[in-house]
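# Remarks on the overall topology
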Amino acid sequence: MIKVIMGVKGTGKTKQMIDLINNAVNNEHGNVVCIEKGRKLTYDINSQIRLVEAEPYNLNTFEVMRGFIAGLYAGNFDITHIFIDSLCKIVPSDCGPELDSFLAWLDGFAEKNDIKFTISISADESVASDDVKKFF
């Protein structure tokens with residue numbers, strides 16, 4: 001299952017993500033991971049969440065992000081939910097076909113491995129393709 005939270009800066013995406021992340025620690029039966037750009041969530045989320053700051057890993061393409069996510073799961077099959085805060089800032093991109101392709105891959109990966117993904121994207125919802133909107 002994939003859920004996308006999309007909106008321009010100031011629309012409450014981060015607050016919504018923080019609430020979802022902290023609720024996940026109480027409701028998930030496995031490990032919860034949050035991938036973020038920078039260290040803005042460090043003091044806002046429960047310490048039981050595995051917080052991964054993306055910058056040291058050079059996640060600058062969706063292909064690299066695919067490998068990173070697959071590697072996280074390969075190293076820990078107990079992961080049940082992965083949050084990605086500001087995906088298109090971690091992987092510098094617009095909301096084009098590469099994003100659509102990545103989300104299609106992620107949807108298949110989630111289904112195959114029984115993992116939930118919640119992703120925030122900083123962009124106006126009006127620029128989202130139908131392939132992205134189906135995850136709203």
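Below or above, wherever it landed, is the structure these notes cover. (Residues numbered from 1 in each chain as written. Predicted model: local features only at pLDDT ≥ 70, side-chain atom pairs only at ≥ 80, totals over all residues. Heavy atoms only, no water.)

A separate point is the nonpolar core. Ranked by size, the top nonpolar core spans 35 residues in total, and within it Ile35, Ile69, Leu87 and Ile121 carry the most contacts. Going through the elements one at a time, β1 (2-7), β2 (31-36), α2 (62-75), β4 (79-84), α3 (87-90), α4 (97-113) and β5 (116-122) are the ones with two or more residues in this core. At 6 residues, the largest contribution of residues to this core is made by α4. The residues touching Ile121, leaving out its near neighbours within four places in the chain, are Val4, Ile5, Met6, Gly7, Lys13, Leu87, Cys88, Cys95 and Leu99. Core analysis: the next-biggest nonpolar cluster, separate from the first, contains 12 residues, Ile5, Ile21, Ala24 and Cys34 among them. (Core = buried A, V, L, I, M, F, W, Y, C linked by side-chain atoms within 4.5 Å. Buried < 20%, exposed > 50% of the residue type's maximum accessible area, 1.4 Å probe, protein only. Helix = DSSP H or I, 4+ residues; strand = E, 2+ residues; numbered from the N terminus. Contact = heavy atoms within 4.5 Å.)

Below, the discussion takes up the packing of aromatic side chains. All told, the structure shown has 7 aromatic pairs when counted by the stated rule. Look at Tyr73 and Phe77: their rings are 5.1 Å apart centre to centre, the planes differ by 80°, and that puts the pair in the edge-to-face class. Judged by its relative accessible area of 12%, Tyr73 is buried. Looking at Phe77, the relative accessible area reads 59%, which means it is exposed. (Phe/Tyr/Trp six-rings, centres within 6.5 Å; stacked < 30°, edge-to-face > 60°.)

Counting buried residues along β1, 5 of its 6 residues qualify, which places the element largely inside the surrounding structure. As paired strands, β1 and β5 are joined by 6 bridges and run parallel to one another. The residue bridging Gly7 from the neighbouring strand is Ser122, located in β5. (Pairing = 2+ DSSP bridges.)

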